[in-house]
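Reading the structure
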Amino acid sequence: MKISSGLTKAINDQIAMEANASNNYLAMACWCQINGYEESGNFFFTQSAEERTHMMKFVTFLSGQGVKPVIPSTKQPSQSFKSLESICKTALKNEQAVTKSIQKIAELALKQKDFATRNFIQWFVDEQIEEEQKFETILQKFDLLGRDKLAIYEINKLLGSSASSTEE
Ligand SMILES: [Fe+2]
Ligand SMILES: [Fe+2]
């Protein structure tokens, strides 16, 4: 069964979303490094690389079926941020938007009885639970530890240690 044009479009949109996510995290990583939060910088560099592998999974999924993927142009990401907390809030909001988009693909695949795509997208459904949890957990730390300089520095280190424990 060939993938439908509707699903192809949805996956091409997802390729663009993952590419933009990768760039957003790259901008966040640079802000962190420049402002003395090296550990958070490393975390966001890793996040950026992960989003690129997500993009590649969608690219190879389409090309593997003989469909040419659309390699997207990307939006210039915002590079001015208020604080480490505001970065994490933006990241959570972006991940929630990605989750919605992934769920739409799953829904469409199910509706069209395209079980290959439905099966393929399940990895992303699971991944998004982790992605949202990552930022919910770190945002919780601001409430628990506070927002004075020392607390933020500690949270920065916590973010750094979660970078080394994440995969793909
Ligand atoms: Fe992603
Ligand atoms: Fe993500």
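Residues numbered from 1 in each chain as written. Chains lettered and ligands numbered in written order. Predicted model: local features only at pLDDT ≥ 70, side-chain atom pairs only at ≥ 80, totals over all residues.

What about the nonpolar core?
In globular proteins that are soluble, nonpolar side chains generally tend to be buried together. The cut-off we apply is this: The nonpolar core criterion groups buried Ala, Val, Leu, Ile, Met, Phe, Trp, Tyr and Cys residues into a set whenever they are joined through C-beta atoms within 7 Å. Exposure is read from a count of other C-beta atoms within 10 Å of each residue's own; the residue is exposed at 12 or fewer, buried at 20 or more and partly exposed in between. C-beta atoms are placed from the backbone. Secondary structure elements follow DSSP: runs of H or I of four or more residues count as helices, runs of E of two or more count as strands, with numbering from the N terminus. By definition, residue pairs are in contact when their C-beta atoms, positioned from the backbone, come within 7 Å.
Counting 31 residues, the largest nonpolar core has Ile 11, Met 28, Cys 32, Phe 44, Ile 87, Cys 88 and Ile 105 as its most contacted members. Sorting the residues of this core by element identifies helix H1 (5-34), helix H2 (38-63), helix H3 (84-111), helix H4 (115-145) and helix H5 (149-164) as the ones contributing at least two each. The element that contributes the greatest number of residues to this core is H1, accounting for 12 residues. Excluding its chain neighbours within four sequence positions, the residues that come into contact with Ile 87 are Met 28, Trp 31 and Phe 81.

A closer look at the packing of H1 against H3
Quick note on the threshold: Axis lines are fitted to C-alpha atoms, over the contacting stretch for helices. Their N-to-C directions set the angle, which ranges from 0 to 180 degrees. When an angle is under 35 degrees it counts as roughly parallel; over 145 it counts as roughly antiparallel; between 65 and 115 it counts as roughly perpendicular; any other value is oblique. Two helices that cross are described as forming a left-handed crossing if the nearer one is turned anticlockwise from the farther one by less than a right angle, and a right-handed crossing if clockwise. Polar here means any residue other than Ala, Val, Leu, Ile, Met, Phe, Trp, Tyr, Cys and Pro, which are nonpolar, and Asp, Glu, Lys and Arg, which are charged; Gly is therefore polar.
Between H1 and H3, whose axes approach to 11 Å, the crossing angle comes to 165°. In terms of their interaxial angle, H1 and H3 are classed as roughly antiparallel. The two elements H1 and H3 meet at a crossing, and its hand is left-handed. Each of Gly 6, Leu 7, Ala 10, Ile 11, Gln 14, Met 17, Ala 21, Asn 24, Met 28 and Trp 31 in H1 lies in contact with H3, whose residues at this interface are Ile 87, Ala 91, Asn 94, Val 98, Ser 101, Lys 104, Ile 105, Leu 108 and Ala 109. Among the residues making up the contact of H1 with H3, the classes are represented as 13 nonpolar, 5 polar and 1 charged.

Distances and angles like these do not, on their own, reveal function.
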